[in-house]
Amino acid sequence: MQSFRTELENPVVERDIIELERKITLYREGKIDEEKFRSLRLARGVYGQRQQGVQMVRIKLPYGKVTMQQLERICKVSDEYSRGRLHITTRQDIQIHYVSLDRTPELWAELERDDITLREACGNTVRNVTASSMAGIDPNEPFDVTPYAHVMFEYFLRNPVCQDMGRKVKIAFSSSEKDTAYTFMHDLGFVPKVKIINGEEVRGFKVMLAGGLGSQPYLAEVAYEFLPVNQIVPFSEAVLRVFDRYGERVKRHKARMKYLMQDVGLEGFLKLIEEERLALKYKIFEIDGTVSQEPQLPALIQLPDFEIADSSKYEKWFKTNVFKQKQDGYFAVGLKIVNGDILTPVARKLIEIVKELSADEIRLTNTQGILLKYVHAAHLPYLFYKLDELGLAEIGFESTADITSCPGTDTCNLGISNSTDITRELEKVIYEEYPDFIFGNDVSIKISGCINSCGQHAMAAIGFHGSSLKKDKLVLPALQVLIGGGVLGDGLGAVADKVIKVPSKRGPEVLRILLNDYQQNGEEGEYFLSYYQRKGKIYFYDLLNPLADLANITDDDFIDWGQDKPYVQAIGVGECAGVTIDLIATLLLESDEKIAGAQEAFEKAEYADSIYNAYTSYINSAKAILTSEGVKTNTQSGIVKDFDTHLVQTAKVNLPVSFEELIYQINKNEPTADFAAYYLDQARNFTKLVKEYRESILIQ
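Everything in this summary refers to the structure shown in the same document. The residue numbers shown here count from 1 along each chain, following its written sequence. Totals for whole chains, interfaces and linings use all residues, but because this is a predicted model, local features are given only for residues with pLDDT of at least 70 and pairs of side-chain atoms are given and counted only at 80 or more. Side-chain descriptors were evaluated using all non-hydrogen atoms of the structure, hydrogens and water having been removed beforehand.

With that settled, consider the environment of histidine 87. Strands are runs of DSSP state E lasting at least two residues, helices are runs of H or I lasting at least four, and both sets are numbered from the N terminus onward. Within the element layout of this structure, histidine 87 appears in strand β4 (residues 85-88). Overall, histidine 87 belongs to the buried group, its relative accessible area being 5%. Each C-alpha atom, one on histidine 87 and one on glutamine 368, is 8.3 Å from the other, the two residues being 281 residues apart in sequence. Here, residues are in contact when the closest pair of their heavy atoms is within 4.5 Å. Non-local contacts of histidine 87, meaning those with residues more than four positions away in its chain, are made with Asp93, Ile94, Gln95, His97, Asn339, Gly340, Asp341, Gln368, Ser405 and Pro407. Only protein chains enter the area calculation, which uses a 1.4 Å probe; residues under 20% of their type maximum are buried, those over 50% are exposed, and those in between are partly exposed.

In a structure, side chains of opposite charge can pair up when their charged atoms sit close to one another. Put simply, a salt bridge is a Lys or Arg side-chain nitrogen that is within 4 Å of an Asp or Glu carboxyl oxygen. Per the stated rule, a full pass over the model turns up 46 salt bridges. Arginine 241 is paired through a salt bridge with glutamate 276; the nearest N and O atoms lie 3.7 Å apart. You can see arginine 241 sitting in helix α7 (residues 232-246) and its partner glutamate 276 sitting in helix α8 (residues 257-276), a full 35 residues away along the chain. What makes arginine 241 buried here is its relative accessible area of 1%. Residue glutamate 276 is classed as buried on the basis of its relative accessible area, which comes to 1%.

Another point: the pairing of strand β12 (residues 330-335). Burial analysis of β12 places six of its six residues in the buried class, the great majority of the element. DSSP calls a pair of strands paired once it identifies at least 2 bridges connecting them. Bridge count for strand β11 (residues 322-324) against β12 is three bridges, and the pairing is antiparallel. Of the residues in β12, the one forming a bridge with lysine 324 is phenylalanine 331. In sequence, β11 turns back onto β12 through a hairpin of five residues, with glycine 329 there showing a positive phi of about 85 degrees.

In this analysis, the expected span of each helix is defined as 1.5 Å times one less than the number of residues it contains. Spanning 20 residues, α8 covers only 17 Å between terminal C-alpha atoms, well under the ideal 28 Å at 1.5 Å per step. Axes are fitted to the seven residues ending at a residue and to the seven starting at it; the angle between these axes is taken as the bend at that residue. Of all the bends in α8, the greatest measures close to 100 degrees and is centred on glycine 265. Looking only at α8, the buried set comprises Met257, Lys258, Tyr259, Leu260, Met261, Phe269, Leu272, Ile273 and Glu276. Those residues of α8 hidden inside the fold are in contact with β9 (200-209), β10 (221-228) and α7.

Before going further, it helps to examine the sheet that holds strand β15 (residues 370-376). In space, the five strands of this open sheet follow the order β3-β14-β15-β12-β11, with antiparallel pairing throughout. Lying at the two open borders of the sheet, with one neighbouring strand each, are β3 (65-66) and β11. As paired elements, strand β14 (residues 362-364) and β15 share two bridges and run antiparallel to each other. For arginine 363, the partnering residue across the bridge sits in β15 and is leucine 371.

The next thing to look at is the packing of aromatic side chains. The rule is short: rings of Phe, Tyr and Trp, with Trp giving its six-membered ring, pair when the centres are within 6.5 Å, and they are stacked under 30 degrees, edge-to-face over 60, tilted in between. Taken as a whole and judged by the stated rule, the model has 40 aromatic pairs. Ring geometry for tyrosine 518 versus tyrosine 531: centroids 5.3 Å apart, planes at 40 degrees, classification tilted. Of this pair, tyrosine 518 sits in helix α13 (residues 507-521) while tyrosine 531 sits in helix α14 (residues 528-535), and the two are 13 residues apart along the sequence. The exposure class of tyrosine 518 is buried, given its relative accessible area of 12%.

So, about the sheet that holds strand β5 (residues 94-99). The sheet built from five strands is open, its strands ordered β1-β2-β5-β4-β13 with antiparallel pairing. Either end of the sheet is taken by a strand with one partner, and the two such strands are β1 (46-48) and β13 (341-343). The sheet shows a mean angle of 30 degrees between the axes of neighbouring strands, direction not considered. The pairing of β1 with strand β2 (residues 55-59) spans three bridges and is classified as antiparallel. Bridging across to β2, valine 46 finds its partner in valine 57. Note on method: axes are straight lines fitted to C-alpha atoms, helices fitted across the in-contact stretch only, with angles between N-to-C directions ranging 0 to 180 degrees. Each of β1 and β2 touches helix α3 (residues 34-42); the most contacted strand, β1, lies at about 130 degrees to it. Contacting β2, β4 and β5, helix α4 (residues 68-81) runs over the sheet at an angle of about 15 degrees to β5.

Here the focus is the nonpolar core. Take the buried Ala, Val, Leu, Ile, Met, Phe, Trp, Tyr and Cys residues and link them wherever side-chain atoms come within 4.5 Å; each set so joined is a nonpolar core. If you look at the biggest cluster of nonpolar residues, it comprises 92 residues, and the most contacted ones within it are Trp317, Val333, Ile370 and Leu387. Leave out the neighbours within four places in its chain, and isoleucine 370 touches Ile88, Val333, Gly334, Leu335, Ile337, Ile342, Leu350, Ile362, Arg363, Leu364, Thr365 and Phe397. Listed in part, the 84 residues of the second largest apolar core include Phe205, Ala223, Ile666 and Phe686.

As a further point, take unusual backbone geometry. Despite not being glycine, arginine 158 has its phi angle at roughly 65 degrees, a positive value. Mapped onto the elements, arginine 158 comes out in the loop between α6 (146-156) and β7 (171-173). Among the residues examined, arginine 158 registers a relative accessible area of 24% and is labelled partly exposed.

Once that is clear, we can look at the packing of helix α17 (residues 607-628) against helix α18 (residues 636-648). Where α17 contacts α18, the axes come no closer than 10 Å and their chain directions differ by 55 degrees. Taken together, the axes of α17 and α18 lie oblique to each other. Seen along the crossing, α17 lies across α18 with a hand that is left-handed. On α18, the residues touching Tyr615, Ile619, Ala622, Lys623, Ile625 and Leu626 of α17 are Gln636, Ile639, Val640, Asp642, Phe643, His646 and Leu647. Residues are sorted three ways: Asp, Glu, Lys and Arg are charged, Ala, Val, Leu, Ile, Met, Phe, Trp, Tyr, Cys and Pro are nonpolar, and all the rest, Gly among them, are polar. Of the residues belonging to the contact of α17 with α18, the class tally is nine nonpolar, two polar and two charged. By the definition adopted for this analysis, an angle is roughly parallel if under 35 degrees, roughly antiparallel if over 145, roughly perpendicular if from 65 to 115, and oblique otherwise. In this scheme the handedness of a crossing depends on how the near helix is turned from the far one: anticlockwise by less than a right angle means left-handed, clockwise means right-handed.

Structure below.
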């Protein structure tokens, strides 16, 4: 289990994995608190499953890029440590399930041999940075956003600014104004733009701020119509600093950036961001806009003899799954992956196909599919033939028939009702009864197992999320129906309305009624979103209301999709949002760890990082004493005020200045060596002071 200690080349990664292994041992020995341990493993991609005793491991793949060597490694890990199944997520990650906690360090080490990380794939961190899967080959893109997404991923990985936030932060880059990365639903979203300034072409981004889905969706605000590319990293770091300091930390349902935006407003948010600029490590951060590692392109080969059995299917596949690239003579090919699940034997055969017929790099999509790139036009028929043999040539990639869904009650603690089997049932309805919808993506369908929108139901034309209904004293699985969401382009979007709740088994009939009505009453050329807005929410409520009637309920309605026994609602404790740690001893221990981290960063001349670690130490120490005094803490800024009120002004703790003056030196000074040394020394003194106060209280 410990062989990785001598084989890994990256000492930072090795230390991470050793730390996870050590903390697992302490946890097993009862020497580390449950909540503290949960926080630590979440930040390392290890997530508790609905099934007791096993974990889901999330593999962080920035903007969904995977080489064939990496995919082979992931398959090997899944076979060795899991059950030989890969799940593609809406954030372009891969998840594997049913992993033993004790084997996660070894699993991580195996992945790192091919430069694959688990770090910060879960927890209160910057999650996987996503991007349009067509980035780099999109005929509509002003420039390739891939290098900028990659820099954003690298810059914030292990960055002290985002290790202890109140909640997760999501970042996305769209390749064009079509906004296929859904920037309007992200904490930070970037849409590429080009301006001519002084006769020269300048790259930049339209910047979207503080969007989010969840139980209360909020459309992102426009922070900048045009921000030069060399300012996106400093701006993003300032945003994270503001969110870290002022964001909610106790009430999990209010702890996302969108709620801070609602509290302070866009003008107030931007003012707080500006106040952080002096303290930033970089005021300007230049980014090389070229791709550092171009994928290996396929050579034209002599194709073997083959025969396509169903020429009609090939023609449909070519129409729905094949896309012309901006590079002449090359095509991208989309693979529709039902529920985002692919078995490792199938993935391995796909690897061999990719090596022969496309670029040695695929992109996982935010619709849970796979995109192959740089396919020669002459290779397309043979590629279809090979994919069809694997069952990977299903038509309708990213169409109405390609439904997005989270794992729901299959594995997730928060799942209320099934989302995977109902997905397959709805897709069957479309293929068999509404084949015309296979050729369009106007009516997007997305499903989540609960209200939290991991399946992105809140931005779908037709969305469903898992719920329940009561009939007398019995509970039956249900679907909340949402209608009217979608992408408007250039950072704009529409959030779906909650229309009605129906028994889950009536989901297919909901779909039939909506599609029939759209076909019959939609005006020529009218998009579904326009049709919904023209008709209005009440119209659709009345249309679907008969399906909500429980008077004619049947025994089958009490059995969820994919089950053979009556429904039992069982919701566990969710871990997506991380945890809040309030134990005094743990907080003081974390304070010491941050001091050590600050010292290490200082010795490496990483002064901004040293300062931020010292700042976090101040916060943890102050929170520990406030907790011991029975003062409920919330935001970091609230902790600062409360410490002054309850401890400094009452002379329980003697400081030469107010705690606010002491700690907020962080954003009033450049991150120089002198200030970093001073600030770290003051943080040490403060931690020592609060420990002495704590000990004096315990003695009494």
